[in-house]
Amino acid sequence: MGDNLALGAHGEELAARYLRDAGMEIVARNWRCRYGELDLIGRDRAGVTVFIEVKTRRGLAYGPPAEAVTFLKQQRIRRLALLWLHEQGGPWSRVRFDVVSVLMRPGTAPVIDHLEAVF
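First things first, this report covers the structure right here in the doc. Counting starts from 1 at the beginning of each chain's written sequence and moves along it residue by residue. The predicted origin of the model limits local features to residues at a pLDDT of at least 70 and limits the giving and counting of side-chain atom pairs to 80 or more, whereas totals for whole chains, interfaces and linings rest on all residues. To obtain the side-chain values, all non-hydrogen atoms of the structure were included, while hydrogens and water were left out.

Turning next to the environment of Val99. By secondary structure assignment, the location of Val99 is in strand β4 (residues 95-103). Measuring from C-alpha to C-alpha, the distance between Val99 and His114 comes to 6.1 Å, with 15 residues separating the pair along the chain. We call two residues in contact whenever any of their non-hydrogen atoms come within 4.5 Å of each other. In contact with Val99, not counting residues within four places along its chain, are Glu53, Ala66, Val69, Asp113, His114, Leu115, Val118 and Phe119. Strands are runs of DSSP state E lasting at least 2 residues, helices are runs of H or I lasting at least 4, and numbering of each runs from the N terminus.

Rendered as structure tokens:
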């Protein structure tokens, strides 16, 4: 399991760097509460608060990484986002939910795909 945790942490680091390079401010990383964790929280150039789920895989045997963000996972992320927003005290006008998939095949450069407003 430790290897999967390291893979996930590396994928989150690559995703955060990719998003920063694209102009997004990373507001929080790995925000946790007793109900779960949000991978990345950002703010785009238009001031939209973005909740980002990062999925990292070594191959496509189980499908593209983004497919792992199931409807149940989306619901959990929405609930966690509400808790985070409440904790921050607002005001919040616009939010968005993105997924960043990171495919890290051995011997090749990581492939990063940023899917905006996917749920």
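Another point: the pattern of salt bridges. In what follows, salt bridge is the name for a side-chain nitrogen of Lys or Arg lying within 4 Å of a carboxyl oxygen of Asp or Glu. Within the structure shown, the criterion is met by 10 salt bridges. Here Arg58 and Asp3 are joined by a salt bridge, their closest N and O atoms 3.1 Å apart. Of this pair, Arg58 sits in the loop between β3 (49-57) and α2 (71-88) while Asp3 is found in helix α1 (residues 2-21), placing the two residues 55 residues apart along the sequence. Accessibility here uses a 1.4 Å probe with only protein chains present; expressed as a share of the type maximum, an area under 20% marks a residue as buried, one over 50% as exposed, and anything in between as partly exposed. In this structure Arg58 comes out as partly exposed when scored by relative accessible area, which is 39%. Residue Asp3 is classed as partly exposed on the basis of its relative accessible area of 49%. Residue Arg96 pairs with Glu116 through a salt bridge whose shortest N-O separation is 3.9 Å. A residue pair is termed long-range when its members are at least 10 positions apart, and Arg96 in strand β4 and Glu116 in the segment after β5 (111-115) qualify at 20 residues. One salt-bridge network, in which partners are shared between bridges, spans Glu13, Arg17, Arg20 and Arg29.

This next bit is on the packing of aromatic side chains. Working definition: rings of Phe, Tyr and Trp (its six-membered ring) pair if their centres are within 6.5 Å, and the pair is stacked with planes under 30 degrees apart, edge-to-face with planes over 60 apart, and tilted otherwise. Enumeration over the complete set of coordinates arrives at three aromatic pairs. Both rings, one in Phe51 and one in Phe97, keep their centres 5.5 Å apart while their planes meet at 25°; by these two values the pair is stacked. You can see Phe51 sitting in strand β3 and its partner Phe97 sitting in strand β4, a full 46 residues away along the chain. A relative accessible area of 1% means that Phe51 is categorised as buried. By relative accessible area, which is 11% here, Phe97 ends up buried. The structure contains a cluster of three or more aromatic residues connected by ring pairs, namely Phe51, Trp84, Phe97 and Phe119.

On to the sheet that holds strand β2 (residues 36-43). The rule for pairing is simple: two strands pair if DSSP sees at least two bridges between them. As summarised here, the arrangement of the five strands in space is β1-β2-β3-β4-β5, forming an open sheet in which the pairing is mixed. The open sheet has two edge strands with one neighbour each: β1 (25-33) and β5. With direction set aside, neighbouring strand axes in the sheet form an average angle of 25°. Sheet topology places β2 next to β3; four bridges connect them, and they run antiparallel. When the sheet's bridge partners are listed, Ile41 is paired in β3 with Phe51. In this analysis, axes come from line fits to C-alpha atoms, helices being fitted only over the stretch in contact, and the angle between any two N-to-C directions falls in the range 0 to 180 degrees. With respect to the sheet, α1 is in contact with β1, β2, β3, β4 and β5, its orientation differing from that of β3 by roughly 135°.

Keep in mind these values describe shape, not function.
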